[in-house]
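Chain by chain, the residues run as shown.
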Amino acid sequence: MAEHPARPCCLGWDFSTQQVKVVAVDAELNVFYEDSVNFDRDLLEYGTQGGVHVHEDGLTVTSPVLMWVQVSTRIPDPLLRPGPHWEMEVGLAPRQHGSVYWKTGASGVLTSLSPDLLLHKQLQACFSIRDSPVWMDSSTTAQCRQLEAAVGGAQALSGLTGSRAYERFTGNQIAKIYQQNPEAYSHTERISLVSSFAASLFLGSYSPIDYSDGSGMNLLQIQDKVWSQVCLGACAPHLEEKLGSPVPSCSVVGAISSYYVQRYGFSPGCKVVAFTGDNPASLAGMRLEEGDIAVSLGTSDTLFLWLREPMPALEGHIFCNPVDARHYMALLCFKNGSLMREKIRDESVCCSWSDFSEALQSTEMGNGGNLGFYFDVMEITPEIIGRHRFSTENHQVSAFPRAVEIRALIEGQFMAKRIHAEALGYRVMPKTKILATGGASHNRDILQVLADVFGAPVYVTDTANSACVGSAYRAFHGSPALICLGSIY
Ligand SMILES: Nc1ncnc2c1ncn2[C@@H]1O[C@H](COP(=O)(O)OP(=O)(O)O)[C@@H](O)[C@H]1O
Ligand SMILES: O=C(CO)[C@@H](O)[C@H](O)COP(=O)(O)O
């Protein structure tokens, strides 16, 4: 032991739409370990496609909650191998808005887990809703209109909670469950976001919702950082007691559960920092400066930036800032992101990203005046569906040659991002940097189009897993006095 001095470290997790990624970060914030589990490929028994189940109505989209429980116990082997005496901190950043419904009595099970049994076996009867609604769900339009009406309109709701009512936002999802399945709702003792749910697994008790991820619910007053009584009342009865009180994103929520200590060798000194959503965690991980804009090209395409003065509008979202509670973050989410690119790739160049890149290289910036906008699923920003192609002569056309189609898709996606960001008040400045993350940020030709459309340089981090890294940074940031507790021998 004496030959191996202690190394402070933090584990950061990203429960994203299609996979779970994990990184380990040392005290100098260097990533020294990365790993991932793909839901479709590695957890075949749940039968997901792209990590989710799309229901028959085409609008309801869920993920099995037990799949998330199962994956939370995949601790990276190299970190476990050295022995029992390491005292890490843990941060985690899942996709936003998804909700988990704990059945009455689940708390008792969570606090008395046996280290000899698998976690998902012990928790299998603990959920009143087994298929958790996720961010891709767009089935709650009726509930959205009801919520807006209850607070005096869409702009009033936006002023209060940072966003007008959006289908994927959790308050509307809870309202749908209450209206369609009141029995399951009444048997629910606690409702978590995916972030606070995952934190609860590591804590062995219910973890609070953090301000930043809590801003994606249409329930939190983003200025006062308390639940809005009028919004709670409009969604479902007894909701406040089922949600618990929200906490600052950097709060240490407790020590790791004895389950992880006894089964996996975590030190009892390991602290859990409040888990937040993937985009707030990326904001922390990318260390954005004024004028910078982050573009996450994951399953969704999401733009976000650090903001001092919030100006909630009818489009886009204002969230509490995960790093500095006095500030905010602005966010725009586009549902037709990577999966739309994959579809056009498969139709045009037989599933090959390198042929896709070649098509971008072989066509000119501006695409000879050909424009395309592609929304195979109902888009969030703006609400629109279908493929819309316009020729050089501005005529609507039904098809483009293959390479033109690919450039039209990518230019159209990034033009929409710039237009919607500018409508929110964002301006490209001479010092602007675009920080790209997510799976498609591996593709330099896609990033070149991003740079051309914004007229600004694009940077990628040395890991595309900024949400993971951000959650690990946040674990350090959340408890500076505890940094030195982390040790691997
Ligand atoms: N070389 C590439 N070019 C373009 N897109 C890519 C490339 N490699 C991966 N992707 C895209 O990255 C997406 C996954 O991104 P990721 O950030 O891992 O998603 P999430 O975090 O939402 O699960 C895939 O759907 C895929 O389309
Ligand atoms: O809904 C949003 C943001 O509001 C999405 O950005 C989700 O958080 C999904 O993230 P990815 O899996 O696409 O990274």
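Computed from a prediction, not measured in an experiment: that's the story for all the values here. (Residues numbered from 1 in each chain as written. Chains lettered and ligands numbered in written order. Predicted model: local features only at pLDDT ≥ 70, side-chain atom pairs only at ≥ 80, totals over all residues. Heavy atoms only, no water.)

1. Considerations on the site of ligand 1
Moving on, step 1. The local shell around ligand 1 holds 15 residues, among which Ser 16, Gln 19, Thr 299, Glu 342 and Gly 439 are the closest.
Moving on, step 2. Contact between ligand 1 and Gln 18: an oxygen atom at 3.0 Å from a side-chain N or O atom of the residue.
Moving on, step 3. Within the contact set of ligand 1, a nitrogen atom lies 3.1 Å away from a side-chain nitrogen or oxygen of Asn 443.
Moving on, step 4. Burial of ligand 1 by the protein amounts to 83% of the accessible area it has alone, namely 590 Å².
Moving on, step 5. Counting residues per element, the ones that place at least two in the shell around ligand 1 are strand S2 (19-26) and helix H16 (338-349). (Near = heavy atom within 4 Å. Polar contact = N/O pair within 3.5 Å; in protein donor to acceptor, adjacent residues only side chain to side chain. Areas by Shrake-Rupley, 256 points an atom, 1.4 Å probe, with all protein chains shown as cover. Helix = DSSP H or I, 4+ residues; strand = E, 2+ residues; numbered from the N terminus.)

2. Remarks on the sheet that holds strand S7 (residues 99-103)
Moving on, step 1. Taken in spatial order, the three strands of this open sheet run S8-S7-S10, and their pairing is antiparallel. Of all the strands in the sheet, the pair left with one neighbour each is strand S8 (127-129) and strand S10 (188-193). Across this sheet, the average inter-strand angle for adjacent strands is 40°, counted without regard to direction.
Moving on, step 2. Pairing of S7 with S10, which is carried by five bridges, proceeds in the antiparallel orientation. Within S10, the residue paired with Lys 103 across the bridge is Thr 188.
Moving on, step 3. In the packing of helix H8 (residues 170-180) onto the sheet, contacts are made with S7, S8 and S10, and the angle to S7 comes to roughly 45°.
Moving on, step 4. Across the face of the sheet, helix H10 (residues 194-203) comes into contact with S7, S8 and S10 while running at roughly 110° to S10. (Pairing = 2+ DSSP bridges. Axes fitted to C-alpha atoms, helices over the stretch in contact; angles between N-to-C directions. Contact = heavy atoms within 4.5 Å.)

3. Thoughts on the site of ligand 2
Moving on, step 1. Near ligand 2, the surroundings consist of 13 residues, among which Thr 17, His 97, Arg 168, Asp 278 and Ser 300 are the closest.
Moving on, step 2. Looking at the shell around ligand 2, the elements that each hand over two or more residues are helix H15 (278-286) and strand S18 (328-334).
Moving on, step 3. Taken together, the residues of the shell around ligand 2 break down into three nonpolar, seven polar and three charged. (Nonpolar A, V, L, I, M, F, W, Y, C, P; charged D, E, K, R; others polar.)

4. Things to note about the domain arrangement of the chain
Moving on, step 1. By domain assignment, the chain separates into domain 1 (9-279 + 466-485) and domain 2 (338-460).
Moving on, step 2. Counting residues at the interface gives eight residues for domain 1 and four residues for domain 2.
Moving on, step 3. Of the roughly 520 Å² buried between domain 1 and domain 2, counting both surfaces, carbon and sulfur atoms make up 51%.
Moving on, step 4. The tally of links between domain 1 and domain 2 comes to one salt bridge.
Moving on, step 5. Put simply, Arg 164 and Glu 383 hold a salt bridge, and the shortest N to O gap is 3.6 Å.
Moving on, step 6. Where domain 1 touches domain 2, the interface holds zero residue pairs in polar contact (both at pLDDT 80 or more). (Domains from an automatic or database assignment. Buried area = accessible area lost by both parts, 1.4 Å probe. Salt bridge = Lys/Arg side-chain N within 4 Å of Asp/Glu carboxyl O.)

5. Some points on the packing of aromatic side chains
Moving on, step 1. On inspection of all chains with the given rule, the structure shows 14 aromatic pairs.
Moving on, step 2. Ring geometry for Trp 102 versus Phe 197: centroids 5.7 Å apart, planes at 45°, classification tilted. Linking Trp 102 in strand S7 with Phe 197 in helix H10, this pair joins segments that are 95 residues apart in sequence. When sorted by exposure, Trp 102 lands in the same class as Phe 197, which is buried.
Moving on, step 3. Ring centres of Phe 202 and Tyr 260 lie 4.7 Å apart, and the angle between their planes is 20°; on these two criteria the pair is classed as stacked. Note that Phe 202 is positioned in helix H10 and Tyr 260 in helix H14 (residues 258-264), a separation of 58 residues in sequence. Like Tyr 260, Phe 202 is buried.
Moving on, step 4. Put simply, the rings of Trp 68, Trp 102, Phe 127, Phe 197 and Tyr 206 touch in pairs and so form one group of aromatic residues.
Moving on, step 5. The ring of Phe 334 has Lys 417 lying over it, and the distance from NZ or CZ to the ring centre is 4.5 Å. (Phe/Tyr/Trp six-rings, centres within 6.5 Å; stacked < 30°, edge-to-face > 60°. Buried < 20%, exposed > 50% of the residue type's maximum accessible area, 1.4 Å probe, protein only. Lys NZ or Arg CZ within 6 Å of the ring centre and 35° of its normal.)

6. Structural notes on the sheet that holds strand S5 (residues 61-64)
Moving on, step 1. Ordered in space as S4-S5-S9, the three strands form an open sheet in which the pairing is antiparallel. Single-partner strands in this sheet number two, and they are strand S4 (53-54) and strand S9 (131-133).
Moving on, step 2. Taken together, the two bridges between S4 and S5 define a ladder with antiparallel strand orientation. By the bridge assignment, Val 54 is partnered in S5 with Val 61.

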